[in-house]
Amino acid sequence: MENTNKSLKTYQGDIKITKENSKEWEKKLEYTEIINGSVYVRENATFTAPKLTNVSGSVYVRENATFTAPKLTKSSYVDVRENATFTAPKLTKSSSVYVRENATFTAPKLTN
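Overview of the structure. If you're wondering where the values come from, they're calculated on a predicted model, not measured in any experiment.

Rules used in this analysis
Residues numbered from 1 in each chain as written. Predicted model: local features only at pLDDT ≥ 70, side-chain atom pairs only at ≥ 80, totals over all residues. Heavy atoms only, no water. Helix = DSSP H or I, 4+ residues; strand = E, 2+ residues; numbered from the N terminus. Buried < 20%, exposed > 50% of the residue type's maximum accessible area, 1.4 Å probe, protein only. Contact = heavy atoms within 4.5 Å. Salt bridge = Lys/Arg side-chain N within 4 Å of Asp/Glu carboxyl O. Polar contact = N/O pair within 3.5 Å; in protein donor to acceptor, adjacent residues only side chain to side chain.

**Considerations on the environment of Thr-87**
Part 1 of the reasoning: Among the structural elements, Thr-87 can be located in strand 10 (residues 85–87).
Part 2 of the reasoning: The class for Thr-87 is partly exposed, based on a relative accessible area of 24%.
Part 3 of the reasoning: Thr-87 sits 16 residues away from Lys-71 along the chain, and the two C-alpha atoms are 10.0 Å apart.
Part 4 of the reasoning: In this view, Thr-87 contacts Phe-67, Thr-68, Ala-69 and Thr-106; residues no more than four positions away in its chain are not counted.

Written as structure tokens, this is what we have:
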């Protein structure tokens, strides 16, 4: 899974992050800016995508998970579940957003 190729700017397909594989995916997607698919951050996982700017599909952050995407500006549907945290300070566009009980969603630039 190691991404030693800094030219991997676009990833094709869905990403399923678990507690067990999160560090491997962080390394693989270290230079990725676009994901043509959805991102699933599963229960109790922590995932950071420092260069990610666009997710063509949905973003799901499940129970007790944390997803940080400091440069993300666009995604489709966003679903943040119980006690999860999703931080996307530059997110400006999403088709729908659902934030469940005790979840935290930080996207100060997101407008209707």
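The rest of the description comes next.
**Looking at the pattern of salt bridges**
Part 1 of the reasoning: Evaluated as defined, the whole model comprises eight salt bridges.
Part 2 of the reasoning: Counted as one network, the salt bridges with shared partners bring together Arg-42, Glu-43, Arg-62 and Glu-63.

**Digging into the side chain of Ser-94**
Part 1 of the reasoning: Structurally, Ser-94 can be placed in the loop between strand 10 and strand 11 (97–99).
Part 2 of the reasoning: Side-chain polar atoms of Ser-94 contact the backbone oxygen of Ser-76, separated by 2.4 Å.
Part 3 of the reasoning: A polar atom in the side chain of Ser-94 sits 3.3 Å from the backbone oxygen of Ser-96.

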